[in-house]
Structures are given as structure tokens and as C-alpha cells.
Amino acid sequence: MKTQEALRRVSLPAYDENGELKLDEELDCLELEGEAFRLVHSPGLVEGLAAGDEFSVHKARPGYKVIRRGGNLCLWFFTTLTTVERDRERAAPELVKDVEALGGYLDGGTRRSLVFTIPASAGFENVERVFEAAKARHSGSIWSYGNVYDPEDGVTPLNWWLPSRQP
């Protein structure tokens, strides 16, 4: 039976570092069979997911259950640059170019943040080298992985990229 896919906005909760609910993030997803969804873009606030991941919505924290990983890393780059959303690609052109060289792409962002999707196959060392260089170029900026650490504690690696850890 062929899977029917339809674009749908799905609201998932985003929590702060203390585990308190910050807000719900509206995410573009493809609706799959069996009340499952596939993320179209990496989220800017919801931890633990990246573009291509398939999940179902749950009431319990973190608000979803991963069914299948898409093989992508979600990267967040926060900057002091005061660019408006439509100019975000010009805010850090070297970073966008370097991410594209890794096979990734700019998913979106806000006035002071950029959200990227990069295949995990690019390698953590390469990803970290690119983002540390961008951090050095843009004083006051920071970056973090959006889907590498457990959203519950923020420090335990999820290890989903290891073959033995696929859901």
C-alpha cells in the first residue's frame, strides 16, 4: 500500500534549559499513514529532531516519539547580527557556504538565529570545525546541536547515528 503524504503544520512543545515549557513551535511536516509525520525542515526550538525524522505526537514530554531518523543533524547558530529574516543568508554567507560544502542547507531562522540541516554522514569533526570557525568570525555568537543530546537532560548523547541505535 502506498503511503499518502500531505503537508501539515504540527505543533510541538519547546522547553527551556530548566525543563519549563517555553512555547509551541509550528513545524512543516508531511503527514504519513498511522498518525505519523516526517519533518520537512529542522526545528528552531524543539530539541531532538531534524529534517527527515519521522515521529508521532505524544502528550508526554518531549511531545513526540521518534519512529525513524532521517540521518540529519539539526544545527542552531545564534548571532548578535541584527539582520532581518529575509536577509539571514547574508548574515553569515561563509557559514551558509561551508554548510553547503558539507551537503547541508539553511532551513530558516529568525532575526538572530540560523537553523541548518546537515547529513550526519558529513562527520561531527567537520561540522564542529565549520561552526567553530563561524563563531570565531562573528563575535558573541554561539552554536549548538538541536538533535544530538537527550532533550530531558541536554547532555546525554542520543547516539541515533550509531547503527545499533536506530529506532
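My aim in this report is to walk through the structure given alongside it, one point at a time. (Residues numbered from 1 in each chain as written. Predicted model: local features only at pLDDT ≥ 70, side-chain atom pairs only at ≥ 80, totals over all residues. Heavy atoms only, no water.)

**What about the nonpolar core?**
Cut-off, in case you're wondering: Among buried residues, the Ala, Val, Leu, Ile, Met, Phe, Trp, Tyr and Cys ones that are joined through side-chain atoms within 4.5 Å form a nonpolar core. Each residue is assigned to one of three classes by its accessible area relative to the maximum for its type, calculated with a 1.4 Å probe on protein chains only: buried under 20%, partly exposed between the two thresholds, exposed over 50%. Strands here are runs of E lasting at least two residues and helices are runs of H or I lasting at least four, both read from the DSSP assignment and numbered beginning at the N terminus. By definition, residues are in contact when any of their heavy atoms lie within 4.5 Å.
In terms of nonpolar packing, the biggest core is built from 23 residues, with Leu-75, Leu-95, Phe-116, Val-127 and Phe-131 touching the most fellow members. Those elements that provide at least two residues to this core are strand 6 (72-78), helix 2 (93-101), strand 8 (113-119), helix 3 (124-137) and strand 9 (142-145). Looking at this core element by element, the count peaks at 4 residues for helix 3. When near neighbours in sequence (up to four residues on either side) are disregarded, Leu-95 contacts Phe-77, Leu-114, Phe-116, Val-130, Phe-131, Ala-134 and Arg-137.

**Some details on the sheet that holds strand 5 (residues 64-68)**
This is how it is decided: Two strands pair under a simple rule: DSSP has to find at least two bridges between them. Throughout, an axis means a line fitted to C-alpha atoms (over the contacting stretch in the case of helices), and angles, computed between N-to-C directions, take values from 0 to 180 degrees.
Spatial ordering of the open sheet is given by 1-2-3-4-5, a layout of 5 strands whose pairing is antiparallel. Since the sheet does not close on itself, it has two edges, and those belong to strand 1 (6-15) and strand 5, each with one partner. Neighbour-to-neighbour, the strand axes of the sheet open up by a mean angle of 45°, direction not taken into account. Direction of pairing for strand 2 (residues 21-32) relative to strand 3 (residues 36-39): antiparallel, over a ladder of 4 bridges. The partner of Leu-30 across the bridge, within strand 3, is Arg-38.

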